[in-house]
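# Notes for the structure review
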Amino acid sequence: MARDDKQQAERGRGRGIFAVWVLNAAIVGAALGLYFLVLGGQAPLALRHTVPWWALAPVFAATEVFVVHVHFRRSAHSMSLGELPLVVGLLLASPPQLVIAQVVGSGLVLALSPGRSVIRLVFNVGQYALAACIAASAFHLLVPAHAGLGPAAWSAAFAGTLLSSSMGVLLIGAAITLSEAPVGTRRLVQMLGVALVVTVTNTSLGLAGATVIAGDPRAAWLLAIPAITLFVSYRAYMAERQKHESLEFLYGATRSLSRSQNVGDSLRDLLELSLQAFRGELAEVVLFPGEDGRPPLRTSAGKGDTDLMRPVPNEVADGLRALVGDAHSAIALERPFPPELEAYLEERGARDAMVSPLRGETRVVGAMIVANRLGVARGFGSDDLKLFEALANQAGASLEHDRLEQAVWELRELQEQLEHQAFHDPLTGLANRVLFVDRLGHALARRGSQVAVLFLDLDDFKVVNDRYGHAHGDELLRQVAARVRGCLRPADTPARMGGDEFAILIEDADASMLMDVSERIVAAFREPFTLSGTDVRVKGSLGVATNSAGDESSEDLLRNADVAMYTAKSSGKDRFASFEPTMHVEMVQRHSLKEELEAAVERDEFVVEYQPITRLATGETVALEALVRWQHPERGRITPAEFIPLAEETGLIVPIGRIVLAKACRLARGWSDAHPDRAPISMHVNASAAELQEADLLEHVAGAIEAAGINPCQLVIEITESLLISDAPVGLARLDELRRAGVRLALDDFGTGYSSLSYLRWLPLDIVKMDKSFVSWAGHGGRGAAFARTIAELAHTLGLDVVAEGIETEEQLAAMRELGCEMGQGYWFAPPAQIWDWGLGIGRLSSAPAASFR
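Residues numbered from 1 in each chain as written. Predicted model: local features only at pLDDT ≥ 70, side-chain atom pairs only at ≥ 80, totals over all residues. Heavy atoms only, no water.

### Quick look at the overall build of the protein
Put simply, the test is: Strands are runs of DSSP state E lasting at least two residues, helices are runs of H or I lasting at least four, and both sets are numbered from the N terminus onward. We get accessible surface area from the Shrake-Rupley algorithm with a probe of 1.4 Å; when it comes to residues, only the shown protein chains can shield them.
Looking only at helices and strands, the protein has 29 helices and 24 strands in total. If you sum the accessible surface of the protein, you get close to 39,600 Å²; carbon and sulfur atoms cover 56% of it.

The following block contains the structure:
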């Protein structure tokens, strides 16, 4: 049993014991309350003869010694003569003396009984005290103290004993429910019926005896003969009842073994019946190895165990065989267990157990175990062992015959299933990497075989998982597997290599066929997938590699197909590419560049250039846009076009952006320090798509602002429409956070997106930057100027400032001034440069982590 299962079981037992202790406290509290508040001043009936408590106590003790208890399945029945002294005490003793006699007499016997736990002792003594208090309270409520013997007293005695007896059954049912399992209405009604019949019989005899004693106490001994006769009758009845239920149980177990066509199912049913019959927590059957060399097999039930004909170590079977091999009956075990089984039983979480051999006609075929008696009582008694032995004998005879052959067949079927699971992806049912590589190796080993490997990777699969959840992501992968199968021949081998990567093995295919298959697969992804009624578009990039050179290994083909796939992905995705040797060189260079880029982040090899944003009316520089450059120690200056796409793909854009933001914010502070007589300058920093998905975006931005000591309104975050397309709700939430923090927002390249007007309406913007294509067009007049004017007027209507990007000529500057653009940016004013080139008196500032922008 696993450690967490054992801990969970121990916690469950602990909660049950705690609940019984709470019940005990309630019982004792109720008894004390009735004793002191109701019965303390009550006197006995006005009769000539009374009975003291010390005379009643031995009689209560005797009835507790001579009691018949029957525990079977999840119920308990008891028969005793306890109502005899109770009725005598109600009629001939005061209520306090009756309670004292009940507690002292019964409690003394219970305390001296061997093997009785404290919790059971407290429960039983408290129950007896409460029963005596309830019976006495009911009796004296119905009969006045000055009354004598007569129908009124008899009726009151019946009411008191029936009420206390019913209460006792309900308390026992509650204790069983709390410590073991719910008793059930049917069983509870049955227990009440038996108790009421016994109570009526005992009360009748007690009333007769009390009437005799009230007349002449010397006649008390006359009650002994009918009392003994009644006790013997009870015992005979309970013995017959338990025998009947035992036979019924054995019949049901035999019927289960004979009817089921599956040995595993029949064993499981047998174990479930055993758990109920013996009130156990764990039951199992271990079948010993046969002559055909099969391993020992275990079927178990209880404690959340789901073992069904599962192989177990030979050491377990050897230990059980050594224990039961020479035994002719079932064996009861308690800690410390025999050395040969100690480790196994401890691992299974056993505290106490019964073990019996499963004997066939010619040999011992296995062993059966029931462990951990539930409830406050522990251990298994002699009656349990006899019934368990009979059950095991029947099970052994049934299992020895041809049904063990079925167990072997089931084991082989299980092995086949395990082999299938070992070589197939459990989610899609496709081959896994192990099987794919094995089949690819066999295909390459065949002489003259034309082998092709196609490597497929889903585009933006992470977006699906993040937006819709992993359950929808799994469903998408299953649908992808189905579409891939639909594009292939039956002889082809599709496989899921892991995550959202798939591979396909195609043999005996020429170039034309490979192109057709590749086009079909890519085209299949252009139709949307339906996930819980929602259409989701996910495309794929495919790489193709063949053994054209003739000496490629499995690793070579997989690597080449992977390189071709990355080429297709870097070329725009949603396409396929065939491997060329030059691709490998490019991939190596790309991988090398990635490693160098990671090192550049650690060493901060990035410099920031700034391009001024000018107020068109006055020519004054009012803002700077921060643009990152990579200063490679060996290759020199590397342009953003070379490394920014790689940084975005690998996630390195995040630390790069934080470096840029920190430097830009400190530059804004340095500008103010160098020019205290001028207004603070604004700093524009571009945001990437990855940054808008960061949950701690605001934290990093606020940290950079605070570290530089600038006003939040000096920072302007520039975004493009395309950044919001992948997940507009998340991006909008991040922008709202920044806006509430005082940071201003600008929409870059306005006019080039798909829905610019709608973005202007609901984005929390401050500035619109008109794309340079409109600025260039407007510089020539005509329709271009009209389009630019429409954009400017729309932005002004919404209360937004307009920055004209890419102003490069005097004509473009004049046109933007005429349109009313507040600010402009472009090579007409200044190209991007490091800050000291403008004579501002500020050297380059050191970098520190901040929010990720570029």
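### Quick notes on the sheet that holds strand β3 (residues 280–287)
Stated formally: We treat two strands as partners when DSSP finds at least two bridges between them. Only heavy atoms matter for contacts: two residues are in contact if any of them lie within 4.5 Å across the pair. Here an angle of 0 to 180 degrees is reported between the N-to-C directions of two axes, which are lines fitted to C-alpha atoms, with helices fitted over the stretch in contact.
One open sheet holds the 6 strands; their spatial order is β5-β4-β3-β8-β7-β6, and the pairing between them is antiparallel. Two strands lie at the open edges of the sheet, namely β5 (310–311) and β6 (331–334), each paired on one side alone. Of the strands in this sheet, β3, β6, β7 (352–359) and β8 (364–373) touch helix α10 (residues 314–324), which is tilted by about 85° from β7.

### A closer look at the packing of α10 against helix α11 (residues 339–347)
The criterion, for reference: Angle categories are assigned with fixed cut-offs, so that under 35 degrees is roughly parallel, over 145 is roughly antiparallel, 65 to 115 is roughly perpendicular, and the rest are oblique. Definitions for this section: a left-handed crossing has its near helix turned counterclockwise from the far helix by less than a right angle. A right-handed crossing has that turn clockwise. Residues were grouped as follows: Ala, Val, Leu, Ile, Met, Phe, Trp, Tyr, Cys and Pro as nonpolar; Asp, Glu, Lys and Arg as charged; and all remaining residues, including Gly, as polar.
Where α10 contacts α11, the axes come no closer than 9 Å and their chain directions differ by 130°. By the angle between their axes, α10 is oblique relative to α11. At the point where α10 passes α11, the crossing takes the left-handed sense. Between α10, through Val316, Gly319, Leu320 and Leu323, and α11, the contact on the second element is made entirely by Glu340, Leu341 and Tyr344. Grouping the amino acids of the contact of α10 with α11 by side-chain chemistry returns 5 nonpolar, 1 polar and 1 charged.

### Quick look at helix α16 (residues 470–486)
Applicable threshold: Multiply 1.5 Å by the residue count of a helix minus one, and that product is the helix's expected span. Here the term buried applies to any residue with accessible area under 20% of the maximum for its type, exposed to any over 50%, and partly exposed to those in between, with areas from a 1.4 Å probe on protein chains only.
Counted at 1.5 Å a residue, the expected span for α16 with its 17 residues is 24 Å, and the 24 Å between its end C-alpha atoms agrees. Listed in full, the buried residues belonging to α16 are Gly473, Leu476, Leu477, Gln479, Val480, Ala481 and Val484.

### Points about the sheet that holds strand β15 (residues 576–578)
Ordered in space as β10-β11-β9-β14-β15, the 5 strands form an open sheet in which the pairing is mixed. Of all the strands in the sheet, just β10 (493–498) and β15 have a single pairing partner and so form its edges. Neighbouring strand axes in the sheet, compared pairwise and without regard to direction, differ in orientation by 20° on average. In this sheet, strand β11 (residues 501–507) lies alongside β10 in antiparallel orientation, the contact comprising 5 bridges. When the sheet's bridge partners are listed, alanine 495 is paired in β11 with alanine 503. Strands in contact with helix α18 (residues 554–570) are β9 (451–458), β10, β14 (540–546) and β15; relative to β14, the strand with the most contacts, it is inclined by about 140°.

### A word on the environment of leucine 387
Mapping leucine 387 onto the fold places it in helix α12 (residues 382–400). Among the residues examined, leucine 387 registers a relative accessible area of 10% and is labelled buried. When the C-alpha atoms of leucine 387 and phenylalanine 278 are compared, they prove to be 9.3 Å apart, with 109 residues separating the residues in sequence.

### Some details on unusual backbone geometry
Proline 336 follows arginine 335 through a cis peptide bond whose omega is 0°. Among the structural elements, proline 336 can be located in the loop between β6 and α11. At serine 532, a position not held by glycine, the phi torsion is positive, near 55°. Looking at the element boundaries, serine 532 is found in the loop between β12 (529–531) and β13 (534–536).

### Let's talk about the packing of aromatic side chains
Keep this limit in mind: Stacked, tilted and edge-to-face are the three classes assigned to paired rings of Phe, Tyr and Trp, where Trp is represented by its six-membered ring and a pair needs centres within 6.5 Å; plane angles under 30 degrees give stacked, over 60 edge-to-face, the rest tilted. Each ring is checked for a lysine NZ or an arginine CZ that lies within 6 Å of its centre and within 35 degrees of its normal; such an atom marks a charge sitting over the ring.
Across all of its chains, the model carries 5 aromatic pairs by this definition. An angle of 85° between the planes, with centres 5.1 Å apart, marks the rings of tyrosine 35 and phenylalanine 36 as edge-to-face. Look at phenylalanine 36 and you get exposed, because its relative accessible area is 59%. Where tryptophan 630 meets phenylalanine 643, the ring centres are 5.7 Å apart and the plane angle is 80°; that geometry is what we call edge-to-face. In this pair, tryptophan 630 sits in strand β17 (residues 621–632) while phenylalanine 643 sits in helix α20 (residues 640–650), placing the two residues 13 residues apart along the sequence. Take tryptophan 630: its relative accessible area is 0%, and that puts it in the buried class. Here a set of aromatic residues connected by ring pairs shows up, and it is made of Phe606, Trp630 and Phe643. Sitting over the face of the ring of phenylalanine 529, arginine 483 holds its NZ or CZ atom 3.7 Å from the ring centroid.

### Notes on the nonpolar core
As a reminder, the rule being used: Nonpolar core, defined: a set of buried Ala, Val, Leu, Ile, Met, Phe, Trp, Tyr and Cys residues in which side-chain atoms within 4.5 Å join the residues together.
If you look at the biggest cluster of nonpolar residues, it comprises 69 residues, and the most contacted ones within it are Leu597, Phe606, Met683, Leu715, Met770 and Met816. If one sorts the elements of this core by residue count, helix α21 (residues 653–674) sits on top with 11 residues. In contact with methionine 770, not counting residues within four places along its chain, are Phe750, Val775, Ala788, Ile791, Ala792, Val802, Val803, Ala804, Glu805, Met816 and Cys821. Grouped together as the second largest cluster of nonpolar side chains are 30 residues, Val464, Ile506, Ala524 and Leu542 included.

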